[in-house]
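Read off the chains here:
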Amino acid sequence: MSLTLYAHPFAAYCWKPLIALYENATPFSYRLVEDAAGWAELESLWPIKKFPLLRDGDATVIESSIIVEYLMRHYPGTMRMIPPDDAAALTARFMDRFFDNYVMTPMQTLVSDRMRVQAERDAKGVADARKMLEIAYGWLEGQLTPQAWSAGSTFCLADCSAAPALFYADWVHPLGARFPAVSAYRGRVLARPSVARVVDEARPYRKLFPQGAPDQD
Ligand SMILES: N[C@@H](CCC(=O)N[C@@H](CS)C(=O)NCC(=O)O)C(=O)O
């Protein structure tokens, strides 16, 4: 086995495969994409220049959810990240899409806007992103069951996606007291050892968070 993950500890999408790797204690090399050489190497493999990206020998696997599924198929461990049952698998994949499209995406819009100079800020984009997060939080509030994970009783791909999405979303659009089930779920996910590990690995980079990271987590 020679797995190499191109990633950065503070990058939200990189948490998804990292959590899956840690869940199964799968050995891999971490290729930190930080300096010009790292970015050039990433670009040579994937001109879109987004990470995570996994190399398995000469094979390249791109997109966080695909990497998690690739790992499950080629390097299975005790924790299966997509349930074997067809209906449960679709629920896991659907919730993964939900967290990426309707929590991660608006969260990233808010983070990106904070990085802009005032003249380039996008008030409409920010308002739309906040509205989407409100709707997503509200929908999720009605879906979650106390003590369960986001797609059922087993921790899976959907929770690997939920962890970074809700972690950072709460920083830029706080859940407050309005969504107690989502807040409780966020707490459960962050307490999971694989997730606590990625949160800790990202801790040294918090100073990079635009306009400062909040004093929490
Ligand atoms: N759909 C992609 C999204 C990947 C993505 O947006 N990654 C961010 C880090 S969280 C990135 O590469 N940002 C670098 C950039 O945009 O320059 C996935 O799921 O892997």
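Draft legend 1. Local environment of the environment of methionine 72. By secondary structure assignment, the location of methionine 72 is in helix α3 (residues 64-74). Methionine 72 sits in the buried class, given a relative accessible area of 13%. Between the alpha carbons of methionine 72 and alanine 20 there is a distance of 8.6 Å; along the sequence they are 52 residues apart. Among all residues touching methionine 72, those that are not within four sequence positions of it are Arg80, Met81 and Ile82.

Draft legend 2. Representation of the side chain of aspartate 113 in the model. The topology assignment puts aspartate 113 in helix α4 (residues 86-114). For aspartate 113, a relative accessible area of 9% gives the class buried. Setting aside chain neighbours within four positions, we find aspartate 113 in contact with Arg121, Asp122 and Val126.

Draft legend 3. How the structure looks around the environment of arginine 93. Inspection of the secondary structure puts arginine 93 in helix α4. A C-alpha to C-alpha distance of 19 Å links arginine 93 and glycine 77, two positions 16 residues apart in sequence. Excluding its chain neighbours within four sequence positions, the residues that come into contact with arginine 93 are Glu69, Arg73, Ile82 and Leu157.

Draft legend 4. Main features of the site of the ligand. Within the structure, the ligand sits among Ala11, Ala12, Tyr13, Trp39, Lys50, Phe51, Pro52, Glu63, Ser64 and Gln108. Note that an oxygen atom of the ligand is positioned 2.7 Å from one of the side-chain N or O atoms of lysine 50. The side chain of glutamate 63 places a nitrogen or oxygen atom 2.8 Å from a nitrogen atom of the ligand. Burial of the ligand by the protein chains amounts to 74% of its free accessible area of 510 Å². In this structure, the ligand is accommodated by the largest pocket. Partitioning the shell around the ligand into residue classes produces six nonpolar, two polar and two charged.

Draft legend 5. Up close: the side chain of serine 65. Within the secondary structure layout, serine 65 lies in helix α3. Dropping the residues within four chain positions of it, serine 65 is found in contact with Lys16, Asp96, Arg97, Asp100 and Leu157.

Basis of the calculations
- Residues numbered from 1 in each chain as written.
- Predicted model: local features only at pLDDT ≥ 70, side-chain atom pairs only at ≥ 80, totals over all residues.
- Heavy atoms only, no water.
- Helix = DSSP H or I, 4+ residues; strand = E, 2+ residues; numbered from the N terminus.
- Buried < 20%, exposed > 50% of the residue type's maximum accessible area, 1.4 Å probe, protein only.
- Contact = heavy atoms within 4.5 Å.
- Near = heavy atom within 4 Å.
- Polar contact = N/O pair within 3.5 Å; in protein donor to acceptor, adjacent residues only side chain to side chain.
- Areas by Shrake-Rupley, 256 points an atom, 1.4 Å probe, with all protein chains shown as cover.
- 1 Å grid on protein atoms, 1.4 Å probe; cavity = no way out; pocket = protein on both sides within 12 Å on 5 of 7 lines; lining within 4 Å.
- Sits in = over half its atoms within 2 Å of the grid points.
- Nonpolar A, V, L, I, M, F, W, Y, C, P; charged D, E, K, R; others polar.

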